[in-house]
Amino acid sequence: MKKRTLRAIACAVVMTLTLAVSACGSKKTVEDYYNDPAVKAVFEEEMKAVEGQGMSVSIDVKGNDFTMSYQYDAGLELPEDAGAQLEAALDANASVFEEQAKGIDEAIGQTGACTVKVRYLDADGNVIAEKSFKAK
């Protein structure tokens with residue numbers, strides 16, 4: 001897999017978060033925020049767009065932890081250094097994820113509450129890259 005593809009996938013994460021944060025409302029937790037039908041609809045639409053690119057996407061929200069898991073499809077051959085490439089892409093976009101966490105914090109009216117987690121899994125469900133982000 002080329003670096004360009006890995007960067008595109010990381011950018012999909014950023015786009016998803018950007019669109020979801022635009023839906024506003026006063027919620028108590030990130031879980032309440034995500035369960036708002038308008039917010040959930042934005043995420044579901046973005047997840048469909050990513051799924052045609054050799055992976056599936058799932059979102060798990062508990063309390064104030066917002067986790068997006070990207071799982072590569074079976075048969076997709078990943079390079080030996082895929083984990084390092086993905087982690088580098090996540091690090092390069094850290095400020096964007098931190099801003100997204102801040103936007104979600106603002107949507108729920110709590111400073112520093114949201115933790116955005118991005119996880120990449122191979123076809124067998126093994127974590128190959130994972131990072132957590134909070135607003136700064």
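It should be noted that the structure appears before, not after, this text.
Described in the following lines is the structure provided in the data block. Residue indices follow the written sequence of each chain, beginning from 1 at its first position. In view of the model being predicted, local features appear only for residues whose pLDDT reaches at least 70, and side-chain atom pairs are presented and counted only at 80 or more, with totals across whole chains, interfaces and linings using the full set of residues. Each side-chain value is derived from all of the structure's non-hydrogen atoms; neither hydrogens nor water enter the calculation.

Now for the overall build of the protein. Each helix corresponds to a stretch of at least 4 residues labelled H or I by DSSP, and each strand to a stretch of at least 2 residues labelled E; elements are numbered beginning at the N terminus. Tallying secondary structure elements over the protein gives five helices and four strands in all. Counting from the amino terminus, the protein carries its helices and strands in the arrangement α-α-α-β-β-α-α-β-β. We call a residue buried when its accessible area falls under 20% of the maximum for its residue type, exposed when it is over 50%, and partly exposed in between, using a 1.4 Å probe and counting protein chains only. Taking all 136 residues of the protein together, 42% fall into the buried category. In short, Shrake-Rupley with a 1.4 Å probe defines the accessible areas, and a residue's cover is counted only from the protein chains shown. Total accessible area on the protein is roughly 7,000 Å²; 48% of this is exposed by carbon and sulfur atoms.

Among the nonpolar cores identified, the biggest contains 30 residues, and Val30, Ile59, Phe66, Tyr70, Val116, Val118 and Tyr120 are the most heavily contacted of them. Contributions of two or more residues to this core are made by helix 2 (30-34), helix 3 (37-51), strand 1 (55-62), strand 2 (65-72), helix 4 (82-92), helix 5 (94-108), strand 3 (115-121) and strand 4 (127-134). By residue number, the principal contributor to this core is helix 5, which donates six residues. To form a nonpolar core, buried Ala, Val, Leu, Ile, Met, Phe, Trp, Tyr and Cys residues must be joined to one another through side-chain atoms within 4.5 Å.

What follows covers the environment of glutamine 53. One can find glutamine 53 in the loop between helix 3 and strand 1. We classify glutamine 53 as partly exposed; its relative accessible area is 44%. Placed 20 residues apart in sequence, glutamine 53 and aspartate 73 show a C-alpha to C-alpha distance of 9.1 Å. Of note is the side chain of glutamine 53, whose polar atom sits 3.5 Å from the backbone oxygen of alanine 49. Polar contact is the term for a pair of N or O atoms within 3.5 Å; when the atoms are in protein, one must be able to donate a hydrogen and the other to accept it, and sequence-neighboring residues count only if both atoms are side-chain atoms.

Whenever a carboxyl oxygen of Asp or Glu lies within 4 Å of a side-chain nitrogen of Lys or Arg, that contact is scored as a salt bridge. Scanning the model with the defined rule gives five salt bridges in all. Note that aspartate 60 and lysine 62 form a salt bridge whose closest N and O atoms lie 3.7 Å from each other. Its relative accessible area of 37% is what places aspartate 60 among the partly exposed residues. On the basis of relative accessibility, which here comes to 56%, the residue lysine 62 falls in the exposed class. For aspartate 65, the salt bridge goes to lysine 117, with nearest N and O atoms at 3.8 Å. Note that aspartate 65 is positioned in strand 2 and lysine 117 in strand 3, a separation of 52 residues in sequence.

Here the focus is the pairing of strand 4. Note that strand 3 and strand 4 share seven bridges and pair antiparallel. Residue valine 116 lies in a different strand from strand 4, and its bridge partner there is phenylalanine 133. Between strand 3 and strand 4, which pair antiparallel one after the other, the connecting turn spans five residues, and glycine 125 there sits at a positive phi close to 90°. At least two DSSP bridges between two strands are needed for those strands to be called paired.

Stacked, edge-to-face and tilted labels apply to pairs of Phe, Tyr and Trp rings (six-membered ring for Trp) whose centres lie within 6.5 Å, assigned for plane angles under 30 degrees, over 60, and everything in between, in that order. Under the definition given, this model contains six aromatic pairs. With a centroid separation of 5.0 Å and an interplanar angle of 45°, the aromatic rings of phenylalanine 43 and phenylalanine 66 are classed as tilted. Residue phenylalanine 43 is located in helix 3, and its partner phenylalanine 66 is located in strand 2; the two are separated by 23 residues in the primary sequence. Like phenylalanine 43, the residue phenylalanine 66 is buried in the burial classification.

The next subject is the pairing of strand 1. Of the two faces of strand 1, the one lined by Met55, Val57, Ile59 and Val61 is fully buried and the one lined by Ser56, Ser58, Asp60 and Lys62 carries no buried residue. Where strand 1 meets strand 2, eight bridges bridge the pair, whose relative direction is antiparallel. Its bridge partner lying in strand 2, lysine 62 is registered against aspartate 65. In sequence, strand 1 turns back onto strand 2 through a hairpin of two residues, with glycine 63 there showing a positive phi of about 60°.

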